[in-house]
Amino acid sequence: MNLLKPNQYLKFTRRGRVGPYSRVKLDPYKWLPPIKPELCHYGYHVCRPGHLAEWVDDDLWIVDARGESDEGDNKIAFESIRLARRHPGWDWRQAQLFAAWCSEQVLCHYEDAYPRDTRMRDAIAARRAWANGEISKKEWDDARAAAYSAAYSVTWSPAYSAAWSTLESAAWSVAYSAARDAAYSAAWSTTYSAAYSAAWSTLESAAWDAAYSAARRTQNAELHRILGLEYTEVTE
């Protein structure tokens, strides 16, 4: 079910309602003081549902916005916003599961190069199990350590970027931010794999952009499924 009203937006914050870039703590449920908006510099930044994967963080808020605005490719700066309510579909467990899902999308690059090495796959499974309360923290730590060992032994290649993408979600952090890191790293790994397989030429830039955009669209579709939002594909 789509919880957004027509004039509402979404905003990820760090734990405690702290802006991820401004580091300012935002008061909830009331209109914040007006600031003349200038994208990336001033105002209160929010996003539309189609760009959620680029801003994944600890807490997700449904936001009312008013006043002047300055819109860019993947975010909007408003003169004032109000944190209306937390989105009920995003919590610690969902963040861990999304992180694992992101890594799984690029796992094939690693396993194509190292088909007998299961440490990355095991780490993804361990994150899921830990998120669901099926294994202990120590078991998760052991799987994470094994994944680190695998990643450090890989040479630069699509397998390398896949290994570190897996680590971003399955072995890099036990905090919510693992989901943000996983989304970014998995998109980067998919992009690198596409560009790596192409010739280093004028076509590479287009291949890179297309692969990155496609990875982000896939992540957005998964986030929308998790959150119960209606998915509308964003055309870059």
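Residues numbered from 1 in each chain as written. Predicted model: local features only at pLDDT ≥ 70, side-chain atom pairs only at ≥ 80, totals over all residues. Heavy atoms only, no water.

Draft legend 1. Local environment of the pattern of salt bridges. Counted by the stated rule, this structure contains 13 salt bridges. Of the charged contacts in the structure, one is a salt bridge between R82 and D64, with a shortest N-O distance of 3.0 Å. Placement of the pair is R82 in strand β4 (residues 76–86) and D64 in strand β3 (residues 59–71), with a sequence separation of 18 residues. Exposure remark for D64: the relative accessible area of 13% places this residue in the buried category. The partner of K137 in a salt bridge is D141, with the nearest N and O atoms 3.0 Å apart. Taken together, the positions of K137 and D141, both in helix α3 (residues 137–152) and four residues apart, correspond to about one turn of that helix. The exposure class assigned to K137 is partly exposed, which follows from its relative accessible area of 38%. Using a relative accessible area of 24% as the deciding quantity, one classes D141 as partly exposed. (Salt bridge = Lys/Arg side-chain N within 4 Å of Asp/Glu carboxyl O. Helix = DSSP H or I, 4+ residues; strand = E, 2+ residues; numbered from the N terminus. Buried < 20%, exposed > 50% of the residue type's maximum accessible area, 1.4 Å probe, protein only.)

Draft legend 2. Quick peek at the environment of L227. For L227, the position within the fold is in helix α6 (residues 202–227). A relative accessible area of 4% places L227 in the buried class. It is 7.9 Å that separates the C-alpha atoms of L227 and P88, two residues lying 139 residues apart in sequence.

Draft legend 3. Examining the environment of D57 more closely. Counting through the fold element by element, D57 comes out in the loop between β2 (44–46) and β3. For D57, a relative accessible area of 2% translates into the label buried. It is 8.4 Å that separates the C-alpha atoms of D57 and R15, two residues lying 42 residues apart in sequence.

Draft legend 4. A look at the confidence of the model for the chain. Looking at the chain, the pLDDT average stands at 80 and 72% of residues meet or exceed 70. Low pLDDT, under 50, characterises residues 169–177; the stretch is placed with 42 contacts to residues that sit more than four places away or in other chains. Note on residues 191–203: pLDDT under 50 across the span, and 16 contacts to partners over four residues away in sequence or across chains. (pLDDT = per-residue confidence, 0-100. Contact = heavy atoms within 4.5 Å.)

Draft legend 5. Spatial organisation of the sheet that holds strand β1 (residues 8–13). Across the sheet, which stays open at both edges, the four strands sit in the order β1-β3-β4-β2 with antiparallel pairing between neighbours. Among the strands making up the open sheet, the edge pair consists of β1 and β2. Each strand of the sheet is rotated relative to its neighbour by a mean of 50 degrees, with strand direction disregarded. Here β2 runs beside β4; their pairing, made up of three bridges, is antiparallel. Note on β4: the bridge partner recorded for V46 is I76. (Pairing = 2+ DSSP bridges. Axes fitted to C-alpha atoms, helices over the stretch in contact; angles between N-to-C directions.)

Draft legend 6. Highlighting helix α2 (residues 119–131). Taking 1.5 Å per residue, 13 residues should reach 18 Å; α2 reaches 18 Å between its end C-alpha atoms and fits that length. Within α2 the residues assigned to the buried category are M120, A123, I124, A126, R127, A129, W130 and A131. Positioned one or two residues after α2, G133 has a phi angle of 75 degrees, which is positive. (Expected span 1.5 Å × (residues − 1).)

Draft legend 7. Main features of the packing of aromatic side chains. According to the stated counting rule, one finds eight aromatic pairs in the structure shown. Considering the side-chain rings of F12 and W90, the 5.7 Å spacing of their centres and the 75 degrees angle between planes classify their relative orientation as edge-to-face. Taken together, the residues span a long stretch of sequence, with F12 in strand β1 and W90 in the loop between β4 and α1 (92–113) at a distance of 78 residues. Residue F12 is classed as buried on the basis of its relative accessible area of 4%. Overall, the relative accessible area of 1% leaves W90 in the buried class. (Phe/Tyr/Trp six-rings, centres within 6.5 Å; stacked < 30°, edge-to-face > 60°.)

Draft legend 8. Molecular detail of the nonpolar core. In terms of nonpolar packing, the biggest core is built from 18 residues, with L10, L52, L60, W90, F98, L223 and L227 touching the most fellow members. Listing elements by their share of this core, those giving two or more residues are β1, β3, α1 and α6. In terms of residues, this core owes the most to one element, α1, which gives four residues. Counting 12 residues, the second-largest nonpolar core is a separate cluster that includes Y9, L26, W61 and I76. (Core = buried A, V, L, I, M, F, W, Y, C linked by side-chain atoms within 4.5 Å.)

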